[in-house]
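A structural walkthrough
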Amino acid sequence: MPTDYSRAARTPLDQEFTYLAIGMVAGAVPGVIVGFIVAAFVGHAAMWLSVFGGVGIVVGLVAATIVFRRRRSKSALQAPPSVPGEGLQR
């Protein structure tokens, strides 16, 4: 079966993966920038980039998980409850 990557994520797992990927990048970029700034004054650029980049990734993952769970619970509360047999006609 060919995979179609052009469509939006449909399953909750696909959506969660998307949130986590965006969170990782959103956390890593500021972490690397902070690492460059610290390294400019302290030295040892590779160490500071990896430390602050790693911390940024972890913070981004945690924030993305929180945002995903809040949006999923909010949408679950707003969705009307499904009634068994609704839509069936005799």
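With that out of the way, let us pick up the overall build of the protein. Assigned secondary structure in the protein consists of two helices and zero strands. The 90 residues of the protein split such that 12% are buried. Here the protein displays about 7,500 Å² of accessible surface, and carbon together with sulfur accounts for 68% of that area.

Tracing the backbone through its elements, the reader meets glutamate 16 in helix H1 (residues 12-42). Between the alpha carbons of glutamate 16 and alanine 64 there is a distance of 8.4 Å; along the sequence they are 48 residues apart.

Turning to the packing of H1 against helix H2 (residues 45-78), a few remarks are in order. For the pair H1 and H2, interaxial distance at closest approach is 5 Å and the crossing angle is 150°. The orientation of H1 with respect to H2, classified from their angle, is roughly antiparallel. In the packing of H1 onto H2, the handedness of the crossing is right-handed. A class-by-class count of the residues in the contact of H1 with H2 yields 20 nonpolar, nine polar and two charged.

Take unusual backbone geometry next. In this model, histidine 44 sits at a positive phi of 55°, which is unusual for a non-glycine residue. Mapped onto the elements, histidine 44 comes out in the loop between H1 and H2.

A few words on H2. The end-to-end C-alpha separation of H2 is 48 Å, in line with the 50 Å expected for 34 residues at 1.5 Å each. When we look at burial in H2, the residues that qualify are Gly53, Gly56, Gly60, Ala64 and Phe68. Buried residues belonging to H2 abut H1.

The end-to-end C-alpha distance of H1, which contains 31 residues, comes to 44 Å, matching closely the 45 Å that a straight helix rising 1.5 Å per residue would cover. All of the buried residues along H1 are Gly23, Gly27, Ala28, Gly31, Gly35 and Ala39. Packed against the buried residues of H1 are H2. Once H1 ends, the next one or two residues include glycine 43, with phi positive near 100°.

A cluster of nonpolar side chains, Met24, Val25, Val29, Ile33, Ile37, Phe41 and Val42, forms an exposed patch at the surface whose accessible area comes to about 710 Å². Since its relative accessible area comes to 47%, valine 29 is described here as partly exposed.

With that out of the way, let us pick up the environment of leucine 61. Mapping leucine 61 onto the fold places it in helix H2. For leucine 61, a relative accessible area of 28% translates into the label partly exposed. Each C-alpha atom of the pair leucine 61 and valine 25 lies 9.1 Å from the other, and the pair is 36 residues apart in sequence. Sequence-distant contacts of leucine 61, that is, excluding residues within four places in its chain, are made with Leu20, Gly23 and Met24.

Basis of the calculations
- Each chain has its residues counted from 1, following the order in which its sequence is written.
- For this predicted model, a pLDDT threshold of at least 70 governs which residues receive local features, and a threshold of 80 or more governs which side-chain atom pairs are given and counted, while totals over whole chains, interfaces and linings are taken from all residues.
- Side-chain measures were taken over the full set of non-hydrogen atoms in the model, leaving aside hydrogen atoms and water.
- Secondary structure elements follow DSSP: runs of H or I of four or more residues count as helices, runs of E of two or more count as strands, with numbering from the N terminus.
- Here's how the labels work: a residue is buried when its accessible area is under 20% of the maximum for its type, exposed when over 50%, partly exposed in between, all with a 1.4 Å probe on protein chains only.
- With residues, only the protein chains shown are counted as cover, and all accessible areas are computed by Shrake-Rupley using a 1.4 Å probe.
- Geometry is summarised by axes, namely lines fitted to C-alpha atoms with helices restricted to the contacting stretch, and by angles between N-to-C directions that run from 0 to 180 degrees.
- We call two directions roughly parallel when the angle between them is under 35 degrees, roughly antiparallel when it is over 145, roughly perpendicular when it lies between 65 and 115, and oblique otherwise.
- Note on convention: the crossing is left-handed when the near helix lies turned anticlockwise from the far helix by less than a right angle, right-handed when the turn is clockwise.
- Polar here means any residue other than Ala, Val, Leu, Ile, Met, Phe, Trp, Tyr, Cys and Pro, which are nonpolar, and Asp, Glu, Lys and Arg, which are charged; Gly is therefore polar.
- Take the residue count of a helix, subtract one, and multiply by 1.5 Å to get its expected span.
- By the convention used here, residues are in contact when the closest approach between their heavy atoms is within 4.5 Å.
- Patch definition: residues with relative accessible area over 30% and no salt bridge; like charges joined within 9 Å; nonpolar side chains (Val, Leu, Ile, Met, Phe, Trp, Tyr) joined within 5 Å.
- By definition, a salt bridge exists where a carboxyl oxygen of Asp or Glu is found within 4 Å of a side-chain nitrogen of Lys or Arg.

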